Amino acid sequence: MADSVKDSIDIEARADELFQAAIDFESYPSWADGVKKVEVKERDDEGRPLKVWWQVDAKVKTITYTLQYDYSSAPESFSWKLVEGDLNSLEGSYTFDEFGDTTDVTYEMTADLGFPVPGFIKRQGEKQIVRTALEGLKKRVASQG
């Protein structure tokens, strides 16, 4: 069964800065908890990653998967979906809504792990994913500024 997670955070940065940091997938192992390795397999005409292979420590086991990215609404948002990997399904998005010097960043993800995980571990994992996606991105952008 697929589980959905959605949350948002206000970050003092421009939307385009946050977008660029969020699509710098090769830097994720240095700041995103659980991300062990990332390899960009394909890029679009603008040099943005289109297909990316991920290796993630999911606590109960290490998983690998490849995601396809869609930038049709960039830089206001971008989304992804599973191409192949250890999961049954995975899709999600980042949305960047800029107002003044602050951007409201929303992270949304739906995943079907394809293997049983106790409910409390699943909830902890979901919280970690959202915390990394939002708080980690915030710290990443702050460290670059």
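So, a few notes on the structure that sits alongside this text.

About the criteria used
Residues numbered from 1 in each chain as written. Predicted model: local features only at pLDDT ≥ 70, side-chain atom pairs only at ≥ 80, totals over all residues. Heavy atoms only, no water. Axes fitted to C-alpha atoms, helices over the stretch in contact; angles between N-to-C directions. Helix = DSSP H or I, 4+ residues; strand = E, 2+ residues; numbered from the N terminus. Parallel < 35°, antiparallel > 145°, perpendicular 65-115°, else oblique. Contact = heavy atoms within 4.5 Å. Nonpolar A, V, L, I, M, F, W, Y, C, P; charged D, E, K, R; others polar. Phe/Tyr/Trp six-rings, centres within 6.5 Å; stacked < 30°, edge-to-face > 60°. Buried < 20%, exposed > 50% of the residue type's maximum accessible area, 1.4 Å probe, protein only. Pairing = 2+ DSSP bridges.

Time to look at the packing of helix H1 (residues 15-22) against helix H3 (residues 119-144). Packing of H1 against H3 brings their axes to within 10 Å, and their N-to-C directions diverge by 110°. For the element pair H1 / H3, the angle class is roughly perpendicular. Residues Glu 17, Leu 18, Ala 21 and Ala 22 of H1 form the contact with H3, whose own contacting residues are Leu 137, Arg 140, Val 141 and Gln 144. Along the lines of polarity and charge, the residues of the contact of H1 with H3 split into five nonpolar, one polar and two charged.

Evaluated as defined, the whole model comprises 20 aromatic pairs. Geometrically, the ring pair formed by Phe 25 and Phe 78 is edge-to-face, given 6.3 Å between the ring centres and 65° between the ring planes. With Phe 25 in the loop between H1 and helix H2 (28-31) and Phe 78 in strand E5 (residues 77-85), the pair connects residues that are 53 residues apart, well separated along the chain. Ring centres of Tyr 69 and Trp 80 lie 6.2 Å apart, and the angle between their planes is 50°; on these two criteria the pair is classed as tilted. Note that Tyr 69 is positioned in strand E4 (residues 62-70) and Trp 80 in strand E5, a separation of eleven residues in sequence. Neither Tyr 69 nor Trp 80 differs from the other in exposure class; each is buried. Grouping aromatic residues by their ring pairs yields a cluster made of Phe 19, Phe 25, Tyr 28, Trp 31, Trp 54, Tyr 69, Tyr 71, Phe 78, Trp 80, Tyr 94, Phe 96 and Tyr 107.

A few words now on the sheet that holds E5. With antiparallel pairing, seven strands are arranged side by side in an open sheet as E1-E7-E6-E5-E4-E3-E2. Of all strands in the sheet, those with a lone pairing partner are strand E1 (3-11) and strand E2 (35-43), marking the two edges. For this sheet, the mean inter-axis angle between neighbouring strands, taken without regard to orientation, is 20°. Across the sheet, H1 lies against E1, E5, strand E6 (89-99) and strand E7 (102-112), angled at about 155° from E6, the strand it touches most.

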